[in-house]
Amino acid sequence: MRYNFDEIIDRKGTNAMNTDGFREYIFQASDDMVFPYADDEFIRMWVADMEFATPPEIIQAVKDRLDKRIFGYTKVFDPDYYRTFAAWAERHYCWTFEKEHLVTSPGIIPALYELVEYICKPDEKVLIVTPSYAFFKHAVDYNHLELVNSDLINQQGYYTMDFDDLAAKAKDEKVSLCIFCNPHNPSGRVWTPEELKKFGEICLKNNLWIISDEIHCDLLRNGKVHTPLAKLFPQTDRIITCMAPSKTFNMAGLMFSNIIIPNKELRAVWKARHYSFENPLSIAAAQAAYRHGDDWLKELKNYLDGNFAFTKQYLESHLPKAVFRIPEATYLAWVNITAYLPSEENLSLYFANNAGVLLEGGNMFVANSDGYIRLNLACPRSVLEEGLKRICNMLR
Ligand code: LCS
């Protein structure tokens, strides 16, 4: 191993959401909310960033850019960025896209907020599958539109789409957009090409636009393959693909993501209304990630596979009534603990107070998620072990 994923890195004094933002994000509380644990005693398994250092190749690229010493207004002008990211997409997903279709955004969430506004008329509705990353709902609420949920079918922790329900809901003439998560957060499903085909056909037949949020597409278990939804529908221009180096390389704070908009008119609206400058350090980092990140990603995936195997074994021996399957993608474990805590609604608060673990409870995932906790496993094995020990000791 060239890279050290066992290292414990102190994040104090970095304004990290992970260490300093949990009261606000998880509990909607202010700084004076008190817990039986001091802040640095918590095991943090919540927000989806990693406790691992960003690859040294990326940090070097940022340092090289710093050495140029001027940080004036910046945008992606150099075609080399497109070439580098397109080559990554070709290598990793056997898919490519046209240069003109690529725009960038400070994040996928800000892009969602904008795209919903640009695509939907004021009385239209937006479809999502649930459970869902809550910002899909927030983007719809922000634009004062109606949200339509389609519950995923859950068979012992294996989630599939309810195509009959999706078809019925997509038929509603007011539903004009689906925000889709591929691979899916929080279940970790890597949708198969067959599932994607069926899903896409339902949406497109009913004239829906699709925003395919593929932010987790590099973080797959070994042996799994990501299929961009747009790859299966080369004839349509109504699928917008969102990808980013942020989750993959632990650089969400650099706020840089790729939005691929094939439709000319929508792209024109984006270009007219989106504030399009970028942080020069972020461009340098993203380009280095796509150019030099393959080896690091390979090692990261091995480490994460190890963390998932460890978690599976640990839960089987210490919490046998929990329902957990190793997800096909993401570094997030989605665990049903109803057998141990049948009536607890605010699981985040319960675990923060009683186990000293910060995690996200099912109530944070829009709908169809009662009795679940989501654990972020992207941390050194020793931290993971302590977190699992606390969770299991408390529940047993
Ligand atoms: N889309 C999905 C599906 C995500 O899971 C996340 C982050 C984002 C977008 C964020 O995109 P950004 O604006 O940073 O480019 N997911 C998180 C989560 O599940 N907990 O904390 C963050």
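Above this text you will find the structure in question.
On a predicted model such as this, the values are computed, not experimentally measured, just so you know.

### Section: the packing of aromatic side chains
Here is step 1: The tally for this structure, following the rule as stated, stands at 34 aromatic pairs.
Here is step 2: Considering the side-chain rings of Phe22 and Phe35, the 5.9 Å spacing of their centres and the 50° angle between planes classify their relative orientation as tilted. Here Phe22 is found in helix 2 (residues 22–27), whereas its partner Phe35 is found in the loop between helix 2 and strand 1 (43–44), with 13 residues between them in sequence. Each member of the pair, Phe22 as well as Phe35, carries the same accessibility label: buried.
Here is step 3: Ring geometry for Phe27 against Phe35: centres 5.3 Å apart, planes inclined by 50°, an arrangement best described as tilted. The same class applies to Phe27 and to Phe35, which are both buried.

### Some points on the side chain of His216
Here is step 1: Note that His216 resides in the loop between strand 8 (209–213) and helix 9 (229–232).
Here is step 2: For His216, a relative accessible area of 3% corresponds to the buried category.
Here is step 3: Setting aside chain neighbours within four positions, we find His216 in contact with Pro183, Asn185, Lys247, Thr330 and Leu332.

### A short note on helix 15 (residues 381–395)
Here is step 1: Across its 15 residues, helix 15 extends 21 Å between first and last C-alpha, which sits within 8% of the 21 Å expected from 1.5 Å per residue.
Here is step 2: Buried within helix 15 we find Val383, Leu384, Gly387, Leu388, Arg390, Ile391, Cys392 and Leu395.
Here is step 3: Residues of helix 15 that are buried sit in contact with strand 1, helix 13 (294–318), helix 14 (347–354), strand 12 (357–358) and strand 14 (372–376).

### A short note on the environment of Gly293
Here is step 1: With respect to the element layout, Gly293 can be found in the loop between helix 12 (280–292) and helix 13.
Here is step 2: Along the sequence, Gly293 and Tyr3 sit 290 residues apart, while their C-alpha atoms lie 12 Å from each other.

### Re the sheet that holds strand 11 (residues 332–336)
What links the strands of a sheet is backbone hydrogen bonding, and the strands pair in either a parallel or an antiparallel sense.
Here is step 1: Ordered by their spatial adjacency, 3 strands build an open sheet running 11-14-13, and the pairing between neighbours is antiparallel. Each edge of the sheet is formed by a strand with only one pairing partner; in this case those strands are strand 11 and strand 13 (360–361).

### As for the sheet that holds strand 3 (residues 125–130)
Here is step 1: Taken in spatial order, the 7 strands line up as 2-10-9-8-7-3-4 in an open sheet, and their pairing is mixed. The strands lining the two open edges of the sheet, one partner per strand, are strand 2 (102–105) and strand 4 (146–151). With direction set aside, neighbouring strand axes in the sheet form an average angle of 25°.
Here is step 2: Pairing analysis gives 3 bridges linking strand 3 to strand 7 (residues 175–181), with the strands arranged parallel. Along strand 7, the bridge assignment pairs Val126 with Leu177.
Here is step 3: The strands touched by helix 5 (residues 108–119) within the sheet are strand 2, strand 3, strand 7, strand 8, strand 9 (239–243) and strand 10 (257–260), with strand 8 carrying the most contacts at an inclination of about 180°.

### Focus: the side chain of Thr241
Here is step 1: By the secondary structure assignment, Thr241 is in strand 9.
Here is step 2: Given a relative accessible area of 1%, Thr241 falls into the buried group.
Here is step 3: Excluding residues that lie within four positions of it along the chain, Thr241 makes contacts with Trp95, Ser212, Glu214, Ala230, Asn258, Ile259 and Ile260.

### Focus: the nonpolar core
Soluble globular proteins: nonpolar side chains tend toward being buried together.
Here is step 1: Core analysis: the biggest nonpolar cluster contains 77 residues, and Phe85, Phe97, Phe180, Phe199 and Leu300 have the highest contact counts within it.
Here is step 2: In terms of residues, this core owes the most to one element, helix 4 (residues 79–93), which gives 7 residues.
Here is step 3: Counting only domains with at least three residues in this core, you end up with domain 1 (17–55 + 295–395) and domain 2 (71–292).
Here is step 4: Phe199 has contacts with Met161, Phe163, Leu166, Cys178, Phe180, Ile210 and Leu229, leaving out every residue within four places of it along the chain.

Cut-offs and rules
Residues numbered from 1 in each chain as written. Predicted model: local features only at pLDDT ≥ 70, side-chain atom pairs only at ≥ 80, totals over all residues. Heavy atoms only, no water. Phe/Tyr/Trp six-rings, centres within 6.5 Å; stacked < 30°, edge-to-face > 60°. Helix = DSSP H or I, 4+ residues; strand = E, 2+ residues; numbered from the N terminus. Buried < 20%, exposed > 50% of the residue type's maximum accessible area, 1.4 Å probe, protein only. Contact = heavy atoms within 4.5 Å. Expected span 1.5 Å × (residues − 1). Pairing = 2+ DSSP bridges. Axes fitted to C-alpha atoms, helices over the stretch in contact; angles between N-to-C directions. Core = buried A, V, L, I, M, F, W, Y, C linked by side-chain atoms within 4.5 Å. Domains from an automatic or database assignment.

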